[in-house]
Amino acid sequence: MSELKPRKDLLDIESLDLSEIEYVLSNAVPFKQLFQRSVKKVPTLRGKTVLNLFYEPSTRTSSSFEVAAHRLSADVTNFTVSSSSVVKGESLLDTIETLQAMRSDYIVIRHKAAGVPGIVAQHTKASVVNAGDGFHAHPTQALLDAMTVREVFPEHQGRRVVIVGDILHSRVARSTSTLFHKLGIEVAYFGPGTLVPAERHDFLRRLMSWEEVFDWKPDVIYLLRVQLERQEGAFFPSIAEYHKMYGLNSLRLDRLRQMGSWLMHPGPVNRGVEITDEAMRYERSLISTQVENGIAVRMAVLHWLKPENGVDS
Amino acid sequence: MSVEKSRLFRGGRIASAVATEFVPEDVLVDGSGMIIARGKGFEVPTEAEVIDCTGCILVPGMFDVHVHAREPGQEHKETLATCSRAALAGGVTGCVLMPDTSPPVDTGNLVKSVMDLVSEQSLIPMYQAGCLTKGREGKEMAGYSGMAARRVPMLTDADHTVPCPYLMRRCMEYAKDFGVLVTSHCDTPPLSKGGAIHEGLTSYRLGLPGIPAMSQEIGIDRDIRIAQHTAGQLHISQISTAHGLKSVQIAKEEGAAITCEVSPHHLVLTDASIHDYNTHFKFDPPLRPAADVEALVQGFIDGSIDVLACDHAPHTEFEKSSEFISAPFGAAGLETAVLLIFDQFIRRGVFGWNLLIERYSNAPRKLIGQQPTAIREGEKAEFFVFDEEGQTRISSDCMHTKGPVSPFLGETLSGQIRGTTLGSRWYPVG
């Protein structure tokens, strides 16, 4: 761990090397242990400021970052830009200037356009954490997913995860599959041909049916949220048909139970679409663990990044 | 800079479309801008200005059939004057102006008003193209008779396709009566809509909506069929894929009057070149994978691609500094086209200057019914001086366009354009 280069921003998973991944994941463990104590706070970022900048509505991720920052004793400003007033592309540079003037130490940013956190990062001295940009990346989600898988499988190498659903429009699928691959976890995609990109990394196999999923013996089934508006883009004929073909129902759940597979989902869940109510009660569901690990991983990320703002005297 | 003085270009070697070898000869241009002597040891007037071309080559002026000069209406991006300076700095001595201005040039009167501006403002000859459809909206045919009377070099909706095949058919049939070339930006809008870059591994990695290759290919196939059916003359702008090129090759073998152009950026960059969401790499059609680029280079060499055209599309840095998905397509190209082709191909021996002169000087002029230019006695002087041993750093400070956005900013290319002469004027670069 000693050879770690200082890093200003966390923008994607692609650019992380294994030592950085290990550093964050191993630091997240003691942070999580902290949650069992009556006082869940450490003074690591006392006097530092975190700006939570969400250009897309997200209760979960923004609260998770907020809690993480609070537990590190940072001051947090939440800034949610409603979609109606989202500034057009032309004023991105103005926005960045404003942000720079606020002199935050950390900027957590979610934006509907891929690449925006990276552009912000280039223009500010603050550390930028990508909290999801378009279909591009959601690196802290991937890290919390990895932490979750490693908790149930300390020997995670060679484990198998199948990601089910709308891969095409999913930054979670992209980041999580890339991170799992880096950690030696095998990843397969399962979903309709309209939503699984034909051109993707070679290490990503595609499974064509639940039978193929069961035959592949996945250790984890990772369901993605299906946006209801996708049926308008003719990606599938109806929500009912999607549920019939790709949804996790009781019958399929029984097969998973027999294999001892675990269930993950980045949330929020669309009940009755990608998953039925019964499946939500599955005893091997890791969905709440993912939420808890999200806070620990985000603490580890904020702790790790080094802003270029000011110098401590 | 004296207009009346004669000028001697001494010590250089002369390039042409017909020979791979350069001819080491001097060129004397008189005060009226005519080449009056070419050779060695001829008598030179004592007052002649001497341009030392030692170590350099003299290359016929290039001609670009795909230029967005943005005037009228978008003068914050470019003007006819700045565009012409950019052209001269890039060795380009004539061009066709796309009609996607504000308002779009879709009547004879508008053509005349832009051509009047050209004669006042531009340092080089520019020929205003007219719209295929009114307002470039793809709904109604524009008035071709008035535009033909103003001698438009081509009819095109610039970077819009005519979405309805019925209307495209009628446009081609009707344009044929006036003998005007139809240029098509082949595309299938329902397939390309919302896309930002080529649909492939890079669009997957970057999470950007893709523009599939087939959106241009289906457009090419459609327009070739319409051209064949109507026996019209069709020019396909900005070809970008191997399959599209194959369709053109087949149509040519079948005897159709089809030509096509490629841009320098489609010959040297791939979709994998896109990095850091740099919007200067955002083009329409988009940058394609290496296999397509290889096919395009081959087509450029074997002649299935007729013309090089840079799709000069300046934008302000501010406009390009936005989210990748919402940034405008295109970049400035006039000042880098020759340098790029030299740096990437000529210097590496892939092909010679003669091929570049054929594709970027002769063929584009012929395409719109102009005489090719050459460096010989009795011709108007129209050439540039190129130093093959020099280097050019591409930077927005050194560019003459008002919209100096380019994927090559910050790069140093081999070769240097020392200056361009057009008639009696000499425009040194730098």
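Quick caveat: nothing in here was measured; it's all calculated off a predicted structure.

(A) Fine view of the overall build of chain A. A count of helices and strands for chain A gives eleven helices and nine strands. Compactness check: chain A gives a C-alpha radius of gyration of 20 Å against a globular reference of 20 Å for 313 residues, within 12% of the reference. On the principal axes, the C-alpha backbone points of chain A span a range of 60 × 45 × 35 Å. Across the 313 residues that make up chain A, the buried fraction comes to 56%. Partitioning the intrachain contacts of chain A with sequence separation of at least 6 by distance along the chain shows that 75% fall at a separation of at least 24. In the structure as shown, chain A presents an accessible area of about 13600 Å², 51% of it carried by carbon and sulfur atoms.

(B) Representation of helix α2 (residues 59-71) of chain A. Residue and element names in this part refer to chain A. When the terminal C-alpha atoms of α2 are compared, their 18 Å separation across 13 residues agrees well with the 18 Å that a helix rising 1.5 Å per residue should span. Tucked into the core, α2 has its buried residues touching β1 (49-54), β2 (75-80), β3 (106-111), β4 (127-133), α5 (139-152) and α11 (287-304). Two to three positions downstream of the cap, the backbone nitrogen of T61 sits 3.2 Å from a side-chain oxygen, assigning the N-cap of α2 to S58. Two residues or fewer after α2 comes S73, characterised by a positive phi angle close to 70°.

(C) Fine view of the sheet that holds strand β6 (residues 186-190) of chain A. All names here are of chain A. Taken in spatial order, the five strands line up as β7-β6-β5-β8-β9 in an open sheet, and their pairing is parallel. Two strands bound the open sheet, and with one partner strand each, they are β7 (205-207) and β9 (262-264). Within this sheet the neighbouring strands show an average axis-to-axis angle of 30°, counted without direction. Taken together, the three bridges between β6 and β7 define a ladder with parallel strand orientation.

(D) Layout of the domain arrangement of chain B. Residue and element names in this part refer to chain B. Annotation of chain B at the domain level lists domain 1 (7-58 + 377-428) and domain 2 (62-367). One C-alpha centre belongs to domain 1, the other to domain 2; they are set 27 Å apart. Between domain 1 and domain 2, the residue contacts involve 34 residues of the former and 45 residues of the latter. In total, domain 1 and domain 2 occlude about 3100 Å² of area from one another, counting both sides; carbon and sulfur atoms represent 70% of this. Counting the surface domain 1 buries against domain 2, the share from its top three residues, K402, V405 and P407, is 21%. A salt bridge links E382 to R365, with the nearest nitrogen and oxygen atoms 2.8 Å apart. Our count for the contact surface shared by domain 1 and domain 2 stands at 14 residue pairs in polar contact (both at pLDDT 80 or more). The dominant element in the side of domain 1 that touches domain 2, judged by the number of residues it contributes, is strand β19 (residues 412-422), at eight residues. Here the residues of the side of domain 1 that touches domain 2 are counted per class, giving 19 nonpolar, twelve polar and three charged.

(E) A look at the interface of chain A and chain B. Counting residues at the interface gives 26 residues for chain A and 17 residues for chain B. Here chain A and chain B share an interface that buries about 1700 Å² over both sides, 61% of which is from carbon and sulfur atoms. Linking chain A with chain B are one salt bridge. With its nearest N and O atoms 2.7 Å apart, the salt bridge here joins B:R205 to A:E14. At the surface where chain A touches chain B, the tally comes to four residue pairs in polar contact (both at pLDDT 80 or more). When residues of the side of chain A that touches chain B are traced back to their parent elements, those giving at least two are α3 (92-102), α4 (116-123) and α6 (171-182) of chain A. For the side of chain A that touches chain B, the per-class residue count stands at twelve nonpolar, seven polar and seven charged.

(F) Main features of the nonpolar core. Residue and element names in this part refer to chain B. Core analysis: the biggest nonpolar cluster contains 97 residues, and L267, W353, Y360 and F386 have the highest contact counts within it. Mapping this core onto the domain boundaries places at least three of its residues in each of domain 1 (7-58 + 377-428) and domain 2 (62-367). Setting aside anything within four residues of it in sequence, one finds L267 in contact with V262, V293, L296, V297, F300, L308, I341 and F345.

(G) Summary view of the packing of aromatic side chains. Inspection of the entire model under this criterion finds 18 aromatic pairs over all chains. Look at A:F190 and A:W210: their rings are 5.2 Å apart centre to centre, the planes differ by 75°, and that puts the pair in the edge-to-face class. Highlighted residues: A:F190 in strand β6 and A:W210 in helix α7 (residues 210-216), separated in sequence by 20 residues. Each member of the pair, A:F190 as well as A:W210, carries the same accessibility label: buried. Look at B:F342 and B:W353: their rings are 5.8 Å apart centre to centre, the planes differ by 25°, and that puts the pair in the stacked class. Of this pair, B:F342 sits in helix α12 (residues 337-346) while B:W353 is found in helix α13 (residues 353-367), placing the two residues eleven residues apart along the sequence. Following the ring pairs from residue to residue traces out a cluster consisting of A:F190, A:W210, A:F214, A:F236, A:Y242 and A:Y246.

(H) Broad picture of the pairing of strand β5 (residues 35-39) of chain B. Residue and element names in this part refer to chain B. Relative to β5, strand β4 (residues 26-29) is paired through four bridges, and the arrangement is antiparallel. Among the inter-strand pairings, V27 is bridged to a residue of β5, identified as R38. Hairpin connection from β4 to β5: five residues lie between these consecutive antiparallel strands, with G33 at a positive phi of about 95°.

(I) Representation of the pattern of salt bridges in the model. Residue and element names in this part refer to chain B. Taken as a whole and assessed by the stated rule, the structure comprises 29 salt bridges over all chains. Between D343 and R347 there is a salt bridge; the shortest N-O distance is 3.9 Å. Looking at D343, the relative accessible area reads 5%, which means it is buried. Judged by its relative accessible area of 42%, R347 falls in the partly exposed class.

(J) Molecular detail of the environment of A:L286. All names here are of chain A. Turning to its location among the elements, L286 is positioned in the loop between α10 (277-280) and α11. With a relative accessible area of 4%, L286 lands in the buried category. Setting aside residues up to four positions removed in sequence, L286 forms contacts with T148, V152, W262, L263 and M264.

What counts, and at which threshold
- Residues numbered from 1 in each chain as written.
- Chains lettered and ligands numbered in written order.
- Predicted model: local features only at pLDDT ≥ 70, side-chain atom pairs only at ≥ 80, totals over all residues.
- Heavy atoms only, no water.
- Helix = DSSP H or I, 4+ residues; strand = E, 2+ residues; numbered from the N terminus.
- Rg over C-alpha atoms; globule rule 2.2 N^0.38 Å.
- Buried < 20%, exposed > 50% of the residue type's maximum accessible area, 1.4 Å probe, protein only.
- Contact = heavy atoms within 4.5 Å.
- Areas by Shrake-Rupley, 256 points an atom, 1.4 Å probe, with all protein chains shown as cover.
- Expected span 1.5 Å × (residues − 1).
- Polar contact = N/O pair within 3.5 Å; in protein donor to acceptor, adjacent residues only side chain to side chain.
- Pairing = 2+ DSSP bridges.
- Axes fitted to C-alpha atoms, helices over the stretch in contact; angles between N-to-C directions.
- Domains from an automatic or database assignment.
- Buried area = accessible area lost by both parts, 1.4 Å probe.
- Salt bridge = Lys/Arg side-chain N within 4 Å of Asp/Glu carboxyl O.
- Nonpolar A, V, L, I, M, F, W, Y, C, P; charged D, E, K, R; others polar.
- Core = buried A, V, L, I, M, F, W, Y, C linked by side-chain atoms within 4.5 Å.
- Phe/Tyr/Trp six-rings, centres within 6.5 Å; stacked < 30°, edge-to-face > 60°.

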